[in-house]
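Tertiary structure, described
Each chain, written out:
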Amino acid sequence: MNKTHGVIKRQHLALEERIQALLAEFADSPSDLSEALAQLWQHYGEQLARLERITRLSDAYQSLAREQDNGLVVRFEKQLRQLQKVARISDRYQKMMVELNLALKEASTHDPLTGLPNRRLLMERLKGEVERASRDRKPFVLAIVDVDHFKQVNDTYGHEAGDAVLQKVAHFMKSQMREYDVCGRWGGEEFLALLPESTLDSALGVIGRIWQGIPDHSMDVGGRAVSITVSVGVAEHRAGEQWEDTLQRADALLLKAKREGRNRALSQ
Amino acid sequence: MQGDSYPENAFELFGEIIQWVEDYLAHSADSLRVELQLLYLNTSSIKAMMDIFDLLEDAHVKGCAVSVKWHYDKRNERLAELAEEFKEDCTFPFLIASHE
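Analysis parameters
- Residues numbered from 1 in each chain as written.
- Chains lettered and ligands numbered in written order.
- Predicted model: local features only at pLDDT ≥ 70, side-chain atom pairs only at ≥ 80, totals over all residues.
- Heavy atoms only, no water.
- Contact = heavy atoms within 4.5 Å.
- Buried area = accessible area lost by both parts, 1.4 Å probe.
- Salt bridge = Lys/Arg side-chain N within 4 Å of Asp/Glu carboxyl O.
- Polar contact = N/O pair within 3.5 Å; in protein donor to acceptor, adjacent residues only side chain to side chain.
- Nonpolar A, V, L, I, M, F, W, Y, C, P; charged D, E, K, R; others polar.
- Axes fitted to C-alpha atoms, helices over the stretch in contact; angles between N-to-C directions.
- Helix = DSSP H or I, 4+ residues; strand = E, 2+ residues; numbered from the N terminus.
- Parallel < 35°, antiparallel > 145°, perpendicular 65-115°, else oblique.
- Expected span 1.5 Å × (residues − 1).
- Bend = angle between axes of the 7 residues up to and from the residue.
- Buried < 20%, exposed > 50% of the residue type's maximum accessible area, 1.4 Å probe, protein only.
- Pairing = 2+ DSSP bridges.
- Phe/Tyr/Trp six-rings, centres within 6.5 Å; stacked < 30°, edge-to-face > 60°.
- pLDDT = per-residue confidence, 0-100.

This next bit is on the interface of chain A and chain B. Across the boundary between the two partners, chain A contributes 14 residues, which contact 19 residues of chain B. In this assembly, chain A packs against chain B so that about 1700 Å² is buried in total across both faces, 58% of it on carbon and sulfur atoms. Taken together, the connections running from chain A to chain B amount to six salt bridges. Close ionic contact of A:R92 with B:E81 constitutes a salt bridge, the shortest N to O distance being 2.8 Å. Scanning the region where chain A abuts chain B turns up eleven residue pairs in polar contact (both at pLDDT 80 or more). Here the residues of the side of chain A that touches chain B sort into six nonpolar, three polar and five charged.

Residue and element names in this part refer to chain A. Contact geometry for helix α4 (residues 150-157) and helix α5 (residues 159-176): axes closest at 6 Å, N-to-C directions at 135 degrees. Accordingly, the angle class assigned to the pair α4 and α5 is oblique. Across from F150, V153, N154 and Y157 in α4, the residues of α5 making contact are H159, A161, G162, V165 and L166.

This paragraph deals with helix α6 (residues 200-216) of chain A. Residues and elements named next belong to chain A. Compared with an ideal rise of 1.5 Å per residue, which puts 17 residues at 24 Å, α6 spans 24 Å between its outermost C-alpha atoms and is within 8% of the ideal. Along α6, the largest kink reaches about 25 degrees and is centred on V206. Taken residue by residue, α6 has L200, A203, V206, I207, G208, I210, G213 and I214 as its buried positions.

Across the sheet, which stays open at both edges, the four strands sit in the order β1-β2-β3-β4 (chain B) with parallel pairing between neighbours. Lying at the two open borders of the sheet, with one neighbouring strand each, are β1 (2-5) and β4 (94-99) of chain B. On average, adjacent strands in this sheet sit at an angle of 35 degrees to one another, irrespective of strand direction. Most of the contacts of helix α2 (residues 32-109) of chain A go to strand β2 (residues 31-41) of chain B, to which it runs at about 50 degrees, and overall it touches β2 and β3 (65-73) of chain B. Together, β1, β2 and β3 of chain B form the strand contacts of helix α1 (residues 10-26) of chain B, whose direction differs from that of β2(B) by roughly 165 degrees.

The geometry of two aromatic rings is summed up by the distance between their centres and the angle between their planes. If you walk through the whole model with that rule in mind, you get ten aromatic pairs over all chains. Aromatic side chains A:W186 and A:W243 sit 6.4 Å apart centroid to centroid with 80 degrees between the ring planes, which places their arrangement in the edge-to-face category. In this pair, A:W186 is assigned in strand β2 (residues 182-187) and A:W243 in helix α7 (residues 243-259), connecting sequence segments 57 residues apart. As far as the burial class goes, A:W186 and A:W243 line up, both buried. Put simply, the rings of B:F53, B:W70, B:F86, B:F92 and B:F94 touch in pairs and so form one group of aromatic residues.

Low pLDDT means the predicted coordinates in that region are not meant to be read closely. Residues and elements named next belong to chain B. Summing up the model confidence of chain B, the mean pLDDT is 91 and the portion of residues at 70 or higher is 99%. Taken element by element, chain B is modelled with least confidence in β1, mean pLDDT 90, and with most confidence in β3, mean pLDDT 95. What the predictor reports for the complex is a pTM of 0.64 with an ipTM of 0.85.

Attention now goes to the side chain of A:S90. Of note, A:S90 is situated in helix α2. When its relative accessible area of 7% is taken as the criterion, A:S90 is described as buried. Leave out the neighbours within four places in its chain, and A:S90 touches B:T43 and B:I46.

The next point concerns the sheet that holds strand β7 (residues 265-267) of chain A. Remark on secondary structure: sheet strands pair via backbone hydrogen bonds, oriented parallel or antiparallel. Residue and element names in this part refer to chain A. Reading across the sheet, the five strands line up as β2-β3-β1-β6-β7 and stay open at both edges, with mixed pairing between neighbours. Edge strands, defined here as strands with exactly one partner in the open sheet, are β2 and β7. With strand direction ignored, the average angle separating the axes of adjacent strands in the sheet is 20 degrees. Where β2 lies against strand β3 (residues 190-195), five bridges are found, and the strand directions are antiparallel. Counterpart to C183 in the pairing with β3 is A193. Each of β1 (141-147), β2 and β3 is contacted by helix α3 (residues 119-136), which is oriented at about 125 degrees to β2, the strand it contacts most. Sheet strands touched by α6: β1, β3, β6 (230-236) and β7. Its angle to β6, the strand with the most contacts, is close to 170 degrees.

What follows is the structure, encoded as structure tokens:
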């Protein structure tokens, strides 16, 4: 290839030299032929220069385009990196929001002192339980557990001791109940035990264990033994009853237990 | 800057800020200190913040004394992790400070 190229170039060069020599030879005695040749020679030279200029320009454009391409690639890669980073950070913000929502939900449905379901969640569960009871015709049992003379505990040992007592009662109640039972803090020193798919007969075992177990479970509060008892009112849901009705009956029994001297569980 | 940011069009909100930072750094500035206490950012706000940090980075490379202090509530460590993500590609001083 190179060799052929070289031959052509040499022939080319030889032709150019010959024409230049001819033009020089006839410079003093020009003829039509030599003048035409001189014009052709000049035209040839101009065309050659033009061709070279076009080649140079074309090369320049090509390298410019290549540089632009490279620039685009660099910019594209930078944008891509940024996009990936934005997506990553955004995902983490979303995750944070989901977790905060969960925490918020937990906070709105649970009592911070005992960790038990609060009144709001208990009401929701009671509503659901009434629906289920009427659908499946299986009653549930509701028990209200109230700490006796709780005010005295607070007054004698201080509020921190009172809080500790509530935590221990909560823990003990929960430990005595089944996985699907609900134990919650109804308010103050009042706890609620909701036993789905239960009758008074089947529930009294659990309720009895709670009532009898709490005094035995003598509370060690800050190094001092605090002995407490509880009063309990227990009611079984009756067909057609709203949860408020069942709760009211349990509450009336609790009141009766208090009046009869406390430390007892009454059922109906 | 402080607070949550989740506008529908973050560019409307951040466009002016980005412009200001750009102008300030291009003309008068030999230093710029940015104090942030950001909570939730939506995706386009994240992009806008990254654009601002890019401007700061460019200025820093050119010798301008830029710095960022990102404050966060100690109770939410996740905000610190997110600040770390933003900090990742920045070579200028970027302090992440917790508050009680």
